[in-house]
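Inside the fold
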Amino acid sequence: MPLSSFEGQVVYQVMPDRFFDGSAANNAGVNKGDPRAWHGGDLAGLTQKLPYIQKLGATAVWLTPIYQQQKQNSFDTAPYHGYWPADFRKVDPHFGTLADFSAFISAAQTGGMRVVLDQVINHYGYLAPAVAEHPAWFNGRAECDASRQKDTDCPLAGLPDLKQGNPQVRDLLLGNAGFWRDQGVSAFRYDAIKNVDGQFLGDLLAGDRAAGIWTLGEWYNADTGTVAEWQRRGFDSLFLFSLQAAMKGSIMAGQGLDGVAAVLSRQGELPRPGEVALFLDNHDVPRFAQGSLFEDVGQARTKYGLRALMTLRGVPVIWQGTEIAMRGGADPDNRRDMRFEDRWTPQEKGVFEVARNAIAVRQASPALSRGTLTLLKTPPSLADRLLLFTREQEGQRVLVVWHGSKARQSYSVRLSSLGLGSGNLPVIQTLFAGQNAKIRVSKGFLHLSLPPEDAAAFKLN
């Protein structure tokens, strides 16, 4: 049976409570002035806003968990984010009903979109009734103290830690996966896999694979080696945190591009490089645009980041609001309510248009959406401000250039030093709209004319 694939997809990540309020009927306890309270976003609102996500160009939607949550707050925080479950097979009333979820799935499928559902398999919420009702399901202080596997047998952030080796827990969690597969989802994003028993994960993934479900694991701070290991162990994908950190450093903080090249140089270790999840930011880290003190700089560099993201091999994931360079520090500030077109500034509209165009360029190009990636040897004197690679698929070849210099620059690089064949090419303009970038090839040299701090792509044939 062929492996499930998301290569060629672009995923849009939504936290339903912070996206759009489609029904006032489920707004109990809503307080938009408190960043730690419920804000009223729901499945009806997400369904209403699917045309917006499609307009951006995303082909899949990832929802943070929609399960029924613990009823009380913990640490003065409501479980609006979905990671404090009380019942894994019910929809929390704040989000709506199972019928609302079915309506969302149906609308997404009608629009040709895939749905990725977040699955919690490590814990229950702090105050979930199951904690008192089934103490044998959880690792306590004694188990944690006696264990040599602290990641899996001790609580994550104090959350009641499930014993996946307990037959009842195992059956419950495997049954949860089956329940949500039956609702019509295409993929699962599994939270905190570092903290879950490896034997159980293998069984879980085998069930998903047999059902044709694509699986995306979250191992916080995973590098290429970790992603490769878990792809070998049955995950289709993990988030490549090391690449996100390198991109944030080079694009947003002005560090050299050699850090990005160092991560990309390891792609040969990956069993399935085309499935790896790529991102600029998400709900667990500060916003990408927050990397600059100045809003206009944050917006300009987010445009650079979005174009760069769309040139890479893998599965790009865009966190709601990144397409308008939304700002925000650490949690919960990075989870501000989504704003839509009627409330955008002209600058935000400009970022959105760059995002939309970058996605469209990627989707129109077999090489950019699914092609192999070959790093080119940039001359050492330019390696900190010039990153060059090709993407190739179905006979199409695209040259990608990331440029880190703060000023517009022209470069002439010997083709032989890049490992490219000779021959002459007339002036070729960038594939991205509204961008003044061009190349030509003559007399053994690649000549580049590049705007400052941006990523460009050029179709070579």
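Everything discussed here concerns the structure shown above.
Residues numbered from 1 in each chain as written. Predicted model: local features only at pLDDT ≥ 70, side-chain atom pairs only at ≥ 80, totals over all residues. Heavy atoms only, no water.

Once that is clear, we can look at the nonpolar core. Y12, I53, L63, F101, M247 and W402 are the most contacted members of the largest nonpolar core, which totals 110 residues. Ranked by residues supplied to this core, first place goes to helix α13 (residues 346-364) with six residues. Core analysis: the second largest hydrophobic core is formed by 21 residues, L399, L450, F458 and L460 among them. (Core = buried A, V, L, I, M, F, W, Y, C linked by side-chain atoms within 4.5 Å. Buried < 20%, exposed > 50% of the residue type's maximum accessible area, 1.4 Å probe, protein only. Helix = DSSP H or I, 4+ residues; strand = E, 2+ residues; numbered from the N terminus.)

To continue, consider the pairing of strand β15 (residues 396-403). Of all the eight residues making up β15, seven are buried; the element is thus mostly covered by neighbouring parts of the structure. When strand β14 (residues 386-393) meets β15, the two strands line up antiparallel, connected through eight bridges. Bridged to L386 within β15 is H403. Where β14 hands over to β15, the hairpin turn is made up of two residues, of which E394 adopts a positive phi near 50 degrees. As paired strands, β15 and strand β20 (residues 454-459) are joined by six bridges and run antiparallel to one another. (Pairing = 2+ DSSP bridges.)

A few words now on the pattern of salt bridges. According to the stated counting rule, one finds 28 salt bridges in the structure shown. Among the salt bridges present, the one from R189 reaches D191, with a minimum N-O distance of 3.1 Å. With a relative accessible area of 9%, D191 lands in the buried category. Bridged by salt links that share partners, the residues D118, R189, D191 and E218 form one connected network. (Salt bridge = Lys/Arg side-chain N within 4 Å of Asp/Glu carboxyl O.)

Turning our attention to the environment of Y126. As for its position among the elements, Y126 is in the loop between β5 (114-119) and α4 (129-133). Distance in space between the C-alpha atoms of Y126 and A228 is 33 Å, their sequence separation being 102 residues.

A few words on the side chain of Q244. Assignment of secondary structure puts Q244 in helix α10 (residues 241-252). Not counting the four nearest positions on each side in its chain, Q244 is found in contact with F279, L280, D281 and V285. (Contact = heavy atoms within 4.5 Å.)

Next up on the list: the state of the cysteines. The full count for this structure, using the stated rule, is one disulfide. Residue C144 pairs covalently with C154 via a disulfide, S to S 2.0 Å. Taking the torsion about the sulfur-sulfur bond, which here is approximately 95 degrees, the covalent link between C144 and C154 counts as right-handed. Of this pair, C144 sits in helix α5 (residues 141-146) while C154 sits in the loop between α6 (150-153) and β7 (161-162), and the two are 10 residues apart along the sequence. C144 gets classed as buried once you look at its relative accessible area, which sits at 14%. (Disulfide = S-S within 2.5 Å.)

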